There are 2 protein chains.
Amino acid sequence: MLLLTSIEDMVAWTRATRREGLSIGLVPTMGYLHEGHLTLMRTAKAACDRVVVSIFVNPMQFGVGEDFEEYPRDLSRDQALAASVGVDVIFAPTVRGMYPNGFASAVEVQGLTDGLCGAARPGHFRGVTTVVCKLLNIVAPDNAYFGQKDAQQVAVIRRMVLDLNMLLTVVTVPIVREADGLALSSRNVYLSPEDRQAALVLFRALTAAQAAVEAGERDATVLRRLMIELIAQEPRAEVDYVAIVDNLNLQPLEKLEGACLLALAVRFGKTRLIDNLVVEV
Amino acid sequence: MLLLTSIEDMVAWTRATRREGLSIGLVPTMGYLHEGHLTLMRTAKAACDRVVVSIFVNPMQFGVGEDFEEYPRDLSRDQALAASVGVDVIFAPTVRGMYPNGFASAVEVQGLTDGLCGAARPGHFRGVTTVVCKLLNIVAPDNAYFGQKDAQQVAVIRRMVLDLNMLLTVVTVPIVREADGLALSSRNVYLSPEDRQAALVLFRALTAAQAAVEAGERDATVLRRLMIELIAQEPRAEVDYVAIVDNLNLQPLEKLEGACLLALAVRFGKTRLIDNLVVEV
């Protein structure tokens, strides 16, 4: 497995691989890989001749007071994990390489980025779309793989790829959970044992709402209240948002219809966790 | 010569041409082609196996009250001209094709777009960078050709291509002028005979400043005053801006040093013309 840190080397690899007529899958990550990431890589490996995993903790998508500095990093552990599932290249560029002196450009998606995580994290998705655009240009993949855990990110990136006519397929891979239901996240390492236990309330709230939908409830206000009240029973949890939106355009729903995204963000101390479920009505 | 109007057809052509290992040159235009555009095409033809000319009057780069509706269009004349210099494909997409329902993305370059034409045309360069990003993704050229006439546009697009790691070379082609010095522009057709004559003041002001620089003048204030006073002698002309900036970062200069861009925009009635010269000090 190759480890490339310079953009020039990565571009040279991309060009050579393209010239050989081989297909490329890209899994963009911020590293500190977990089973969710590995599932993305296995999915990419099954479909593409070559798989590139990018590891870049992107300062542009962190706001003031967010956890850019503390975000967990462990490149040698990440290398071993990626190698174990047959990844061909880890691309780990430097911040200076990605954002050289004079850098002045940005890609943004409007509307889709206003609510949910975008409301609490102004500028976050602008950072995400800009860095993903750059990575997609550098690696020129046939397919790019993203986890459904970041549901809004997936919707925003799909919109960007469509709008900017980027010639690739965005593949969304289902959330991977611990046995007890907690969605995998690199940020789970921040949790104290008590918060780790309390964090189960996210999935509990989502599955309770899902059960209510399956029992016939269609009123988003009722379903949101159900989730909020359930989370309120957990004193360590502080709700950031609990939302029920259209799964494509992310607009809030009053009555559930079609593919509906139940999404929430909850804080445990300084740690903010997100989770979601899609229900088809 | 092919005329393609659907993005899907253009992408299919791009992919087939790439598979054959042929190089592609793209000349993005808004049509109503003149000798300046033809020079871009000839330059592209000399360097690339295949040349694509896009013709798209991009609504996103026109402001309220600007001339989007009136902008001159003549596709059959453009086809004949492009064919005469050996262009392989005209890509003339529809507005609906380029901006489908739900379109929500934008590419922008900050800083470089604040002054000069950006000051008078808020949102203009955001429209330019967005549409050029789309065209570059659709046609995937090795080289893209732009005229020095739109000096700020060239600087902004170079910045975008660099920042977003777009894998192509931006080629700038010198301004083509009428025998009497007027820079070619599709908007010259708006000019009355009197305004057409008066418009010579743009190049006269630029060459007067250039002569002063060659005679040793380095003070930007003096040089700007020289140009402004010269233009003021032409009663039909109304200055929009007269600027002396660094040719790379477009920052205003006090003392001329290195590659300096003398740039101006002048109105004749409703018609706004731009012109520029680069002087090396």
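Conventions used here
- Along each chain, the written sequence defines residue order, and numbers are assigned to residues from 1.
- Just so you know, chain letters begin at A and ligand numbers begin at 1, following the order they were written in.
- Residues qualify for local features only when their pLDDT is at least 70, as the model is predicted, and side-chain atom pairs are given and counted only at 80 or more; totals for whole chains, interfaces and linings, by contrast, use all residues.
- Processing note: side-chain calculations cover all non-hydrogen atoms of the structure and skip hydrogens and water entirely.
- UniProt positions are given in the numbering used here, feature names are shortened, and annotations may be inferred rather than shown by experiment.
- Helix and strand definitions here come from DSSP, where helices need a minimum of 4 consecutive H or I residues and strands a minimum of 2 consecutive E residues; each element is numbered from the N-terminal end.
- Throughout, exposure labels follow a simple rule: accessible area from a 1.4 Å probe, protein chains only, divided by the maximum for the residue type, with under 20% read as buried, over 50% as exposed, and the rest as partly exposed.
- Whether two residues touch is decided by their heavy atoms; if any such pair falls within 4.5 Å, the residues are in contact.
- Any two strands between which DSSP finds at least two bridges are classified as paired.
- Only C-alpha atoms enter the line fits that serve as axes; for helices the fit covers just the stretch in contact. Angles between N-to-C directions range over 0 to 180 degrees.
- To estimate how far a helix should reach, multiply one less than its number of residues by 1.5 Å.
- Cavities and pockets are defined on a 1 Å grid built over the protein atoms alone: a cavity is a set of grid points where a 1.4 Å probe fits but cannot escape, while a pocket is an open set with protein on both sides within 12 Å along at least five of seven lines, and lining residues are those with an atom within 4 Å of any such point.
- Grid points are joined across faces, edges and corners, and a volume is the space filled by probe spheres set on the points.
- The nonpolar class holds Ala, Val, Leu, Ile, Met, Phe, Trp, Tyr, Cys and Pro. Asp, Glu, Lys and Arg form the charged class, and all remaining residues, Gly among them, are polar.
- In this comparison the copies share one frame, found by least squares on the C-alpha atoms of residues holding pLDDT of at least 70 in both.
- In this description, a nonpolar core means a group of buried Ala, Val, Leu, Ile, Met, Phe, Trp, Tyr and Cys residues linked to one another through side-chain atoms lying within 4.5 Å.
- Any pair of cysteine sulfurs within 2.5 Å is marked as a disulfide.
- For this analysis, a ring pair means two rings from Phe, Tyr or Trp (six-membered ring only for Trp) whose centres lie within 6.5 Å, classed as stacked if their planes differ by under 30 degrees, edge-to-face if by over 60, and tilted for the remaining angles.
- In this scheme, the term charge over a ring applies when either NZ of a lysine or CZ of an arginine sits within 6 Å of the ring centre and within 35 degrees of the ring normal.
- Domain boundaries shown here were taken from an automatic or database domain assignment.
- Here the quantity called buried area is the total loss of accessible area, with a 1.4 Å probe, experienced by two parts when brought into contact, counted for both.
- Just to be clear on terms, a salt bridge is a Lys or Arg side-chain nitrogen sitting within 4 Å of an Asp or Glu carboxyl oxygen.
- Pairs of N or O atoms within 3.5 Å make up the polar contacts considered here, provided that, within protein, one atom can donate a hydrogen while the other can accept it, and that residues adjacent in sequence are counted only when both atoms are side-chain atoms.

The name an unreviewed UniProt entry assigns to chain A is Pantothenate synthetase, from the organism Heliophilum fasciatum. Recorded under Catalytic activity (unreviewed entry), the UniProt text for chain A is reproduced unchanged: "(R)-pantoate + beta-alanine + ATP = (R)-pantothenate + AMP + diphosphate + H(+)".

(A) Broad picture of the UniProt feature "active site" (unreviewed entry) in chain A. Residues and elements named next belong to chain A. What UniProt calls "active site" (unreviewed entry) maps, in this numbering, to H37. The topology assignment puts H37 in helix α2 (residues 35-47). When its relative accessible area of 11% is taken as the criterion, H37 is described as buried. If we skip the residues at most four places from it in the chain, H37 touches T29, G31, Y32 and S186.

(B) Geometry of the UniProt feature "binding site: beta-alanine" (unreviewed entry) in chain A. All names here are of chain A. In the numbering used here, UniProt assigns the "binding site: beta-alanine" (unreviewed entry) feature to Q61. Mapped onto the secondary structure, Q61 falls in the loop between β3 (50-55) and α3 (75-84). Setting aside residues no more than four positions away along its own chain, Q61 makes contact with M30, E66, R121, H124, G127, V128 and V131.

(C) Representation of unusual backbone geometry. Even without being a glycine, N165(A) presents a positive backbone phi close to 55 degrees. Within the fold, N165(A) resides in the loop between α7 (151-163) and β7 (169-173). Phi angles above zero are rare outside glycine, and A140(B) is one such case at about 45 degrees. Mapped onto the secondary structure, A140(B) falls in the loop between α6 (124-139) and β6 (143-147). By relative accessible area, A140(B) is classed as partly exposed at 23%.

(D) Main features of the sheet that holds β7(A). Residues and elements named next belong to chain A. Judged by pairing direction, the sheet is parallel, and its six strands sit side by side in the order β1-β4-β3-β2-β6-β7 without closing on themselves. Strand pairing shows two members of the sheet lacking a second neighbour, β1 (2-4) and β7, which therefore form its edges. Averaged over all adjacent pairs, the angle separating strand axes in this sheet is 25 degrees, with direction ignored. As paired elements, β3 and strand β4 (residues 89-91) share three bridges and run parallel to each other. Bridge assignment links V52 to a residue of β4, and that residue is V89.

(E) Highlighting helix α7 (residues 151-163) of chain B. All names here are of chain B. Over its 13 residues, α7 extends 18 Å from the first C-alpha to the last, a length consistent with the 18 Å expected when each residue adds 1.5 Å. The buried fraction of α7 amounts to eleven of the 13 residues, a majority that puts the element mostly inside the structure. Positive phi appears at N165, one or two residues downstream of α7, with a value of about 55 degrees.

(F) Main features of empty space enclosed by the protein. Residue and element names in this part refer to chain B. Counting across every chain of the model gives one cavity of 30 Å³ or more. By volume, the largest cavity amounts to about 50 Å³. Forming the boundary of the largest cavity are K149, G181, L182, A183, S185, N188, A199, L202, F203, L273, I274 and D275. Listing elements by their share of the lining of the largest cavity, those giving two or more residues are α9 (200-214) and β10 (271-280). A breakdown of the residues in the lining of the largest cavity according to their chemical character gives seven nonpolar, three polar and two charged.

(G) Looking closely at the relation of the copies chain A and chain B. When chain A is brought onto chain B, the operation consists of a screw motion whose angular component is 180 degrees and whose axial shift is 0.0 Å, with 0.0 Å RMSD remaining. Such a turn and shift between the copies fits a two-fold axis. Across chain A, the smallest distance between a C-alpha and the rotation axis is recorded for V107(A), namely 2.2 Å. Residue by residue, 100% of the interface of chain A is reproduced at the interface of chain B, so both copies engage with the same surface.

(H) Region of the structure containing the environment of G111(B). Residues and elements named next belong to chain B. Along the chain, G111 falls in the loop between β5 (105-109) and α5 (116-120). Taking relative accessible area as the criterion, G111 reaches 35% and is therefore assigned partly exposed. The spatial distance from the C-alpha of G111 to the C-alpha of L162 is 15 Å, given a sequence separation of 51 residues.

(I) Region of interest: the nonpolar core. Counting residues in hydrophobic clusters, the biggest one holds 100 residues, and the most contacted among them are M160(A) and M160(B). What M160(B) contacts, discounting residues up to four positions off in sequence, is S105(A), V107(B), V109(B), T129(B), V132(B), C133(B), L136(B) and M166(B). Within the second largest apolar cluster, 30 residues are counted, among which are A198(A), A199(A), A205(A) and L223(A).

(J) Spatial organisation of the state of the cysteines. Applying the stated criterion across every chain yields a total of zero disulfides over all chains. Distance from the sulfur of C260(A), which forms no disulfide, to the nearest cysteine sulfur (C117(A)) is 18 Å.

(K) Layout of the packing of aromatic side chains. Residue and element names in this part refer to chain A. Applying the stated criterion across every chain, the model contains eight aromatic pairs over all chains. An angle of 65 degrees between the planes, with centres 5.4 Å apart, marks the rings of F62 and F68 as edge-to-face. By the burial criterion, F62 is buried, and F68 matches it. Plain terms: the ring middles of Y99 and F103 are 4.9 Å apart, the flat faces sit at 90 degrees to each other, and that makes the pair edge-to-face. Considered together, Y99 and F103 belong to a single accessibility category, that of buried residues. Through a chain of ring-to-ring contacts, the aromatic side chains of F56, Y99 and F103 assemble into a single cluster. A cation sits over an aromatic face here: K134 above Y99, 5.9 Å from the ring centre.

(L) Main features of the domain arrangement of chain A. Residue and element names in this part refer to chain A. Per the domain assignment, the segments of chain A are domain 1 (2-173) and domain 2 (186-280). Using C-alpha coordinates to define each centre, domain 1 is positioned 26 Å away from domain 2. Counting residues at the interface gives 20 residues for domain 1, matched by 16 residues for domain 2. Buried area between domain 1 and domain 2, both sides added, is near 1600 Å², and the carbon and sulfur share of it is 59%. Put simply, domain 1 and domain 2 have one salt bridge between them. Our count for the domain 1 to domain 2 interface comes out at six residue pairs in polar contact (both at pLDDT 80 or more). Of all the secondary-structure elements, those providing two or more residues to the side of domain 1 that touches domain 2 are α5 (116-120) and α7. A per-class count over the side of domain 1 that touches domain 2 returns ten nonpolar, five polar and five charged.

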